[in-house]
Amino acid sequence: MRGRLWLNLLLLLAVAGVGTVAWLQPGKTPKPVAPKLTTIDAATVRRIEFSPPRGQAFALLREGKDWFIEQPRLRAQPFRVDTILELLSADSTARIDPADGTDKSFGVDPPLARLRFDATEIAFGLTNPVGMRRYVRVGDAVHLIDDRYYHHAASQWPDWVDRRLLPQGVTLTTLELPGFTLNRPDATWQISPERPHATADAISALVEEWQRAYAMDVEEAETVPTDAQAVRVVWKAGALELAIARDGDEWLLYRRDAPVRYRFSDNQGKRLLEIQDAAPQTAPGPTPADIAPAPTTADPASAPP
């Protein structure tokens, strides 16, 4: 038995040795590390300018840890900004310099779209069908990189608006909705007109829906429908004047301080407008069904500045 044990141990060591040799692959040259597109530290960038193929140019500005669209001034999507900043350190799988005498028809002069990170411009050209990589120009050199950034560079400013309706971490103090108003002068919410069957938990659930409201989409909207119902949201450091209207089986929430509207599903809209009462009310207030749908005509006077 002792001899068999030693034999098994020797066989195990032999197999481990062969595996180690195969993994190390002695004599084989390691694959070279691809150079980066730029040497810019993304944490130092303060401004990103977009020149898309369609629509107007726009810019994103860093303010502390947050990013904002410059005009109209709205919070930008954090995840999308992080993605576009990764472009600075993207792997360059090939580099073509003017001195190479190679064909320069890569679609970068003029470019399809341009980004400027502070003083550094990155111009986007055509895609290479081999590997589906895209040509980009930085300075006088043309590079090939993974084609995962162009659709960001070619997007419009509404695509960058944060879909969170309110700043993260706000504490609401007033919520004016069609049919009733909630105020919290102290630790307790007060409702007007009074709704005896509205429990404290139901009111808290409604407030939490607003504090974490996240739209399905954000769209440009120059005007507010004339029949949209007024909504006002107040927190300790700010407020939003809004208007809400139905659009088929969805809800549109318009900002009065910026030309945008947030699109919510039917269920989202109901959770933002209704208190889930513990029992039926004797004199119910307006429900989402009472709110008029968004008309096809709009009142220019109601447009945000």
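Note that the coordinates shown come from a computational prediction; the quantities given were computed from them, not determined experimentally. (Residues numbered from 1 in each chain as written. Predicted model: local features only at pLDDT ≥ 70, side-chain atom pairs only at ≥ 80, totals over all residues. Heavy atoms only, no water.)

In this section: the overall build of the protein. Across its full length, the protein carries 5 helices and 17 strands. Put simply, the protein has 305 residues, and 39% of those count as buried. Restricting to contacts in the protein with at least 6 residues of sequence separation, those with at least 24 account for 61%. A total accessible area of about 17,400 Å² is found for the protein, and carbon and sulfur atoms account for 54% of it. (Helix = DSSP H or I, 4+ residues; strand = E, 2+ residues; numbered from the N terminus. Buried < 20%, exposed > 50% of the residue type's maximum accessible area, 1.4 Å probe, protein only. Contact = heavy atoms within 4.5 Å. Areas by Shrake-Rupley, 256 points an atom, 1.4 Å probe, with all protein chains shown as cover.)

Our focus in this paragraph is the pairing of strand β10 (residues 172-177). Across the 6 residues of β10, 5 count as buried, placing the element largely inside the fold. The loop that links β10 with its antiparallel partner strand β11 (residues 180-183) comprises 2 residues; one of these, Gly179, has a positive phi angle of about 105 degrees. (Pairing = 2+ DSSP bridges.)

Positionally, Ser92 belongs in the loop between α2 (78-85) and β5 (94-96). When neighbours within four sequence positions are excluded, Ser92 is seen to be in contact with Ala34, Pro35, Lys36, Leu37, His143, Leu144 and Ile145.

Now for the sheet that holds strand β6 (residues 113-117). Taken together, the 9 strands give an open sheet; going across it, the order is β4-β3-β2-β1-β6-β7-β8-β9-β5, and neighbouring strands pair in antiparallel fashion. Looking along the sheet, the strands with just one partner apiece sit at the ends: β4 (74-75) and β5. Pairing of strand β8 (residues 133-138) with strand β9 (residues 141-146), which is carried by 6 bridges, proceeds in the antiparallel orientation. Within β9, the residue paired with Val138 across the bridge is Ala141. Along the sheet, α2 contacts β1 (47-51), β2 (58-63), β3 (66-69) and β6; its crossing angle with β6, the most-contacted strand, is approximately 95 degrees. (Axes fitted to C-alpha atoms, helices over the stretch in contact; angles between N-to-C directions.)

The next point concerns unusual backbone geometry. Backbone torsion omega between Gln71 and Pro72 reads -5 degrees, so that peptide bond is classified as cis. Pro110 follows Asp109 through a cis peptide bond whose omega is 0 degrees. Examined against the element boundaries, Pro110 turns out to sit in the loop between β5 and β6. Of note in the backbone geometry, Asp118 takes a positive phi value of approximately 55 degrees without being a glycine. With respect to the element layout, Asp118 can be found in the loop between β6 and β7 (120-128).

Of all 6 residues that make up strand β16 (residues 250-255), 5 are buried, and the element is covered over most of its length. As defined by bridge partners, strand β15 (residues 238-247) adjoins β16 across 6 bridges and the pair is classed as antiparallel. Along β16, the bridge assignment pairs Leu242 with Arg255. The loop that links β15 with its antiparallel partner β16 comprises 2 residues; one of these, Gly248, has a positive phi angle of about 65 degrees. Relative to strand β17 (residues 260-265), β16 runs antiparallel, the two being bridged by 5 bridges. Across the sheet, Leu253 pairs through a bridge with Tyr262, a residue of β17. Where β16 hands over to β17, the hairpin turn is made up of 4 residues, counted between the paired strands.

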